[in-house]
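# Chain and residue survey
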Amino acid sequence: MTDLRDEVTSGAGTRHHTAAAHVLLLRGRVIRWSGFSVRLDVRSTSVCVVLCGLLVVVSLWSISVGDFPISIRDVIATILGNPTEDSEFIVGTLRLPRVLVGIGVGATFGMSGAIFQSLVRNPLGSPDIIGFNAGAALGAVTAIVWFDGSPTQVSAGAVAGGIIAALAVYLLAWKRGVQAYRLVLVGIGAGFAVNAFIDYLITRAEINDVQRATVWLTGSLNGRSWDEVRIVAVALAVLGPLAIIMQRRLDRLDLGDDTAAALGINVARSKLALVLVAVCLASLGVAAAGPIAFVAFVAGPIARRLANSPSACIVPAAFVGALVTVVADLAARRLLAPTELPVGIMTAALGAPYLLWLLARQARTGAL
Amino acid sequence: MTSQHPPSSRLQADGVRLAYDDAVVVDDLDLQVPDGQITVIVGPNACGKSTLLRSLARLLKPSAGRVLLDGDLIHSMPTKEVARRLGLLPQSPIAPEGILVVDLVARGRTPHQKLFQQWSESDERAVRAALTATDTLELADRAVDELSGGQRQRVWIAMALAQETELLLLDEPTTFLDITHQIDVLDLVRDLNEHEGRTVVVVLHDLNLACRYAHHIVMMREGDIVASGPPAQVITADSVRDVFGLRSVVIDDPISATPLVIPADQRQHDRSDDQ
């Protein structure tokens, strides 16, 4: 904290003798340029830079290791367009898309989780806990089993399923407004119901589709191709900037609906837009890699702690989500090598203890 | 708007009916908030004071009648436009976990900011002025969670001040505060009114403090305005008995010469006049 303060002081210290009175009140820096100004939180930005660096390192490592190891140098060369004979197929077709999908879905889940947890004011409000991801999964499984869907159709199915689940949970939890704990409990219940329905669909499906659907349902990055990279890339390119822009509203809503409205935020419209963006982000993540458990759930709280910020930390959460997913996938591939586990099992192993701890704590403090 | 007599009013309610779902709380109510004055709304619990305040701040849409801000229908105005002219401190605002005082107060600048105008010189100036006015400048780096109730309330008021609106609505700003902090907060309200000419509407429970600080008192019962005007006219033994069901003696406050309500011993008399 103190080093940040120093930095801030030095930034404002140019006007010398009034420096004390002109020290910027806010943490972070303000970049001003002809009538425009942007606030930059130094700590959040540093966290993102560090996470990004780690992400690159782990990704390269993950691409390089495997039954057929490829040196990091060859990996980089291949990515830069100078492949060797072997590396072209292994890197370009197998491992690079896999890692990119991991990064992409981690980021979509992280953003979506951060938005929902802030809206619900409860870490349990993330889309994987309250049944939205299950809804998206149901939509995607339906597309796979009934229509033998293309990646686009699976995506559309997932988004439709996610939105319907969100709508259903919201309506069921409605009782003169929506209380966080009701939403969480109804959502968990809805998740079970949806999963039961998914099981039913699976039992009625063609055996080949069942194979495809089950692997996908555990949340797996195995066999991901450039098709799935495209899904998450589009999701991030379109919805990511929207989420970042809307963080400002999200942070005002965090003061309570009345205060937010008094500050000039259109509460109903902002909430609707935020929910839509967050549901679509999570659903497209699900469409690309299945409902990978707990990534959305853990990313937000970790990001907030790292950035030490009271805001929703959407961007840091995206990086945390990406890093968690890629690390989990690396572990899932290599821990029991040559047997590969689906990444969802790995993230569940990490996330479940955290969930238990959180439930115990909230039960004790009466938050739930 | 341009007339001087009676005192002009930028904010008024005109035959409003306010309801939550089907429960009508307020019906056919008229109110003119006098410009440049402190208006205090008093009344028993659940008489519709806060509901009225929420509708004046555009948070609750009347099911009949209208609320006018500067002569325009407040519910047809953009939220942001309203927020530049009228500030509201709700009864129980929520401070995000770990937020610093300065960050909270800075959020009061929201209606003056845009996507790429996140922090201008005037934002900085307004926040500094708000912190200074509420005597919270030295708390700027502290987390809001760590503050005492009185400090926290001053910080919330600072947030509403940073919004730099000429109209300021405060919903029970003294609840949960000890007597010293209640006086602190109300002195601050009076300063804002006297030095900066802000129009303030406050919902209060304490009748004696209401009398002391208000130019204009609005007394409510069961969703109706029973009386309004200067404290000495509105607060009488009769009106207190009618509105609160409390028998009392009203004397002059020895400090401010405003009405001072002394509750009578409710047990010694027969209860027939309660009916």
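Figured I'd write up the structure that's included with this text.

Residue and element names in this part refer to chain B. For helix H9 (residues 237-244), the set of buried residues is Ser-239, Val-240 and Val-243. The buried side chains of H9 occupy one side of the element, clustering within an arc of 100 degrees when seen end-on. Those residues of H9 hidden inside the fold are in contact with helix H7 (207-213), strand E9 (216-221), strand E10 (224-229), helix H8 (231-234), strand E11 (248-252) and strand E12 (259-263). Following H9 by one or two positions, Gly-245 adopts a phi angle in the positive range, close to 65 degrees.

Looking now at the pattern of salt bridges. Residues and elements named next belong to chain B. If you walk through the whole model with that rule in mind, you get 23 salt bridges over all chains. With a shortest N-O distance of 3.5 Å, Arg-84 and Glu-81 are connected by a salt bridge. Remark: Glu-81 and Arg-84 occur in helix H2 (residues 79-85); sequence separation between them is 3 residues, near one turn of the helix. Residue classification places Glu-81 among the partly exposed positions, given a relative accessible area of 25%. Residues Arg-109 and Glu-164 are paired through a salt bridge, measuring 3.1 Å at the closest nitrogen-oxygen approach. Pair noted here: Arg-109 is in the loop between helix H3 (101-106) and helix H4 (121-133) and Glu-164 is in the loop between helix H5 (149-162) and strand E7 (167-171), with a separation of 55 residues, a long-range link. The class of Arg-109 is buried, set by a relative accessible area of 2%.

With that out of the way, let us pick up the interface of chain A and chain B. Facing 33 residues of chain A, the contacting portion of chain B comprises 43 residues. For the pair chain A and chain B, the two sides together bury roughly 3,300 Å², of which 56% comes from carbon and sulfur. Counting the contacts that link chain A with chain B gives 1 salt bridge. A salt bridge links Asp-258 of chain A to Arg-54 of chain B; the nearest nitrogen and oxygen atoms lie 2.9 Å apart.

The next point concerns the packing of aromatic side chains. All names here are of chain A. Enumeration over the complete set of coordinates arrives at 6 aromatic pairs over all chains. With 5.1 Å between their ring centres and 75 degrees between their planes, Phe-116 and Phe-132 make a pair best called edge-to-face. Of this pair, Phe-116 sits in helix H5 (residues 85-120) while Phe-132 sits in helix H6 (residues 132-147), placing them 16 residues apart in sequence. By the burial criterion, Phe-116 is buried, and Phe-132 matches it. Aromatic side chains Tyr-354 and Trp-357 sit 6.1 Å apart centroid to centroid with 25 degrees between the ring planes, which places their arrangement in the stacked category.

What follows deals with the packing of helix H3 (residues 42-64) of chain A against helix H13 (residues 295-307) of chain A. Residue and element names in this part refer to chain A. Here H3 crosses H13 at 120 degrees, and the two axes come no closer than 9 Å. By the criterion of interaxial angle, the relationship of H3 to H13 is oblique. Residue-level inspection shows Arg-43, Ser-44, Val-47 and Leu-51 of H3 in contact with H13, the latter providing Arg-305, Leu-306 and Ala-307. Of the residues assigned to the contact of H3 with H13, the class counts are 4 nonpolar, 1 polar and 2 charged.

All names here are of chain A. Running from N to C, H5 and H13 cross one another at 70 degrees; their axes reach a closest spacing of 7 Å. By the criterion of interaxial angle, the relationship of H5 to H13 is roughly perpendicular. Crossing of H5 over H13 shows right-handed handedness. Together, Gly-106, Phe-109, Gly-110, Gly-113, Ala-114 and Gln-117 of H5 and Val-295, Ala-296, Phe-297, Ala-299, Gly-300 and Pro-301 of H13 make up the contact between the two elements. Residue composition of the contact of H5 with H13, by class: 7 nonpolar, 5 polar and no charged.

This part takes up the side chain of Thr-259 of chain A. If you trace the backbone, Thr-259 of chain A turns up in helix H11 (residues 257-262). Within polar-contact distance, the side chain of Thr-259 of chain A engages the backbone oxygen of Leu-255 of chain A at 3.2 Å. In this structure Thr-259 of chain A touches Pro-90, Pro-93, Trp-156 and Met-159 of chain B, once residues within four positions along its chain are discounted.

General note: in soluble globular proteins, nonpolar side chains tend to be found buried as a group. Val-105 of chain A together with Leu-11, Leu-56, Leu-86 and Leu-169 of chain B are the most contacted members of the largest nonpolar core, which has 110 residues in total. Take this core: its biggest share by element is 13 residues, from helix H12 (residues 267-289) of chain A. One finds Leu-255 of chain A together with Leu-100, Val-185 and Cys-211 of chain B within the second-largest nonpolar core, a separate group that totals 55 residues.

Bringing the sheet that holds strand E2 (residues 23-33) of chain B into the picture now. The strands making up a sheet associate through backbone hydrogen bonding, with each pair oriented either parallel or antiparallel. All names here are of chain B. Read across the open sheet, the 4 strands follow the order E2-E1-E4-E5; overall the sheet is antiparallel. If you trace the sheet from one side to the other, it starts and ends with E2 and strand E5 (72-73), each paired once. Pairing geometry for strand E4 (residues 64-69) and E5, over 2 bridges, is antiparallel. Of the residues in E5, the one forming a bridge with Leu-68 is Leu-73. Across the sheet, helix H1 (residues 49-56) is in contact with strand E1 (11-20), E2 and E4; its angle to E1 comes to roughly 120 degrees.

About the criteria used
- Residues numbered from 1 in each chain as written.
- Chains lettered and ligands numbered in written order.
- Predicted model: local features only at pLDDT ≥ 70, side-chain atom pairs only at ≥ 80, totals over all residues.
- Heavy atoms only, no water.
- Buried < 20%, exposed > 50% of the residue type's maximum accessible area, 1.4 Å probe, protein only.
- Helix = DSSP H or I, 4+ residues; strand = E, 2+ residues; numbered from the N terminus.
- Arc of directions from axis to C-beta.
- Contact = heavy atoms within 4.5 Å.
- Salt bridge = Lys/Arg side-chain N within 4 Å of Asp/Glu carboxyl O.
- Buried area = accessible area lost by both parts, 1.4 Å probe.
- Phe/Tyr/Trp six-rings, centres within 6.5 Å; stacked < 30°, edge-to-face > 60°.
- Axes fitted to C-alpha atoms, helices over the stretch in contact; angles between N-to-C directions.
- Parallel < 35°, antiparallel > 145°, perpendicular 65-115°, else oblique.
- Nonpolar A, V, L, I, M, F, W, Y, C, P; charged D, E, K, R; others polar.
- Left-handed = near helix turned anticlockwise from the far one by under 90°.
- Polar contact = N/O pair within 3.5 Å; in protein donor to acceptor, adjacent residues only side chain to side chain.
- Core = buried A, V, L, I, M, F, W, Y, C linked by side-chain atoms within 4.5 Å.
- Pairing = 2+ DSSP bridges.

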